[in-house]
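What follows is the residue order along each chain.
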Amino acid sequence: MIFDNKECTWANMKVVVLGKELTGIRGIKYKLTQEKEHLHGAGDEPIGIQRGKRTYEGEIKLLKFEYDVLADAVRAAGGRDILDLTADIIVTYVKDSTSAPRTDIIRGFQFKEFEKGWEQGAKFMEITLPIVFMGLQQNI
């Protein structure tokens with residue numbers, strides 16, 4: 001057996017929202033966290049770890065034209081702005097053309113906030129949008 005340590009590259013990722021592949025995406029990250037704390041009894045060493053609630057959050061970096069496409073879709077559906085969007089994000093990636101694709105589905109995401117800004121000399125606008133979501137299905 002040969003161990004292959006190749007990693008997937010950005011060029012081998014596809015991100016889909018509302019059935020549209022985001023070609024103007026510049027970055028995505030997502031995480032799940034769970035509250036955890038030591039359970040203490042007799043003595044000063046923990047006897048276990050207790051779990052609490054889970055939370056899901058992340059961020060998407062988009063070019064302005066891609067942000068505009070999503071904002072227009074929300075308004076066409078009767079929403080006020082991009083903060084009214086609820087959808088899934090499908091992230092598919094492969095390490096090379098011979099490996100099987102892996103897919104993560106970010107369920108029921110919403111944008112938490114948005115901010116636009118330009119600076120002198122800028123060639124494009126990149127917008128970072130924090131997200132929260134309801135769940136994550138990995139390696140579908």
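Small disclaimer: the values here were computed from a predicted structure and weren't measured.

Cut-off values and rules
Residues numbered from 1 in each chain as written. Predicted model: local features only at pLDDT ≥ 70, side-chain atom pairs only at ≥ 80, totals over all residues. Heavy atoms only, no water. Phe/Tyr/Trp six-rings, centres within 6.5 Å; stacked < 30°, edge-to-face > 60°. Helix = DSSP H or I, 4+ residues; strand = E, 2+ residues; numbered from the N terminus. Buried < 20%, exposed > 50% of the residue type's maximum accessible area, 1.4 Å probe, protein only. Core = buried A, V, L, I, M, F, W, Y, C linked by side-chain atoms within 4.5 Å. Contact = heavy atoms within 4.5 Å. Pairing = 2+ DSSP bridges. Salt bridge = Lys/Arg side-chain N within 4 Å of Asp/Glu carboxyl O.

**Remarks on the packing of aromatic side chains**
Right, so step 1: Per the counting criterion, the structure on display carries three aromatic pairs.
Right, so step 2: For the pair Y67 and F114, a centre-to-centre distance of 5.7 Å together with 45 degrees between the ring planes defines the contact as tilted. Of this pair, Y67 sits in helix α1 (residues 64–76) while F114 sits in the loop between β6 (102–111) and β7 (126–132), placing them 47 residues apart in sequence.
Right, so step 3: Residue Y67 is classed as buried on the basis of its relative accessible area of 5%.
Right, so step 4: Taking the relative accessible area as the measure of exposure, F114 reaches 33% and is therefore partly exposed.
Right, so step 5: Judged by centre distance (5.0 Å) and plane angle (90 degrees), the rings of F109 and F111 are edge-to-face.
Right, so step 6: Assessed through its relative accessible area of 4%, F111 is described here as buried.

**A look at the nonpolar core**
Right, so step 1: Residues I28, I60, I89, F109 and F111 are the most contacted members of the largest nonpolar core, which totals 26 residues.
Right, so step 2: At the level of secondary structure, the elements contributing two or more residues to this core comprise β1 (13–17), β3 (25–40), β4 (46–63), α1, β5 (87–93), β6 and β7.
Right, so step 3: The residues contacting F111, other than those within four sequence positions of it, are I60, L70, I82, L83, L85, L129, P130 and I131.

**Comments concerning the environment of K123**
Right, so step 1: Relative to the helices and strands, K123 resides in the loop between β6 and β7.
Right, so step 2: For K123, a relative accessible area of 76% translates into the label exposed.
Right, so step 3: Separated by 64 residues in the primary sequence, K123 and E59 place their C-alpha atoms 22 Å from one another.

**A word on the pairing of β6**
Right, so step 1: β6 sits mainly inside the fold: seven of its 10 residues count as buried.
Right, so step 2: Inspection of the sheet shows β6 paired to strand β8 (residues 135–137) by three bridges, in the antiparallel sense. The partner of I105 across the bridge, within β8, is Q137.

**A look at the pattern of salt bridges**
Right, so step 1: For the coordinates displayed, the defined rule picks out nine salt bridges.
Right, so step 2: Between K29 and E59 there is a salt bridge whose closest N-O contact spans 4.0 Å. Taken together, the residues span a long stretch of sequence, with K29 in strand β3 and E59 in strand β4 at a distance of 30 residues.
Right, so step 3: E59 sits in the partly exposed class, given a relative accessible area of 21%.

**Focus: the environment of E21**
Right, so step 1: By the secondary structure assignment, E21 is in strand β2 (residues 20–21).
Right, so step 2: Setting aside residues up to four positions removed in sequence, E21 forms contacts with K14, V15, V16 and E66.

**Brief notes about the environment of P46**
Right, so step 1: With respect to the secondary-structure elements, P46 resides in strand β4.
Right, so step 2: By relative accessible area, which is 35% here, P46 ends up partly exposed.
Right, so step 3: Between the C-alpha atoms of P46 and W10, which are 36 residues apart in sequence, the distance is 42 Å.
Right, so step 4: Discounting residues that sit within four places of it in the chain, P46 has contacts with H38, L39 and H40.

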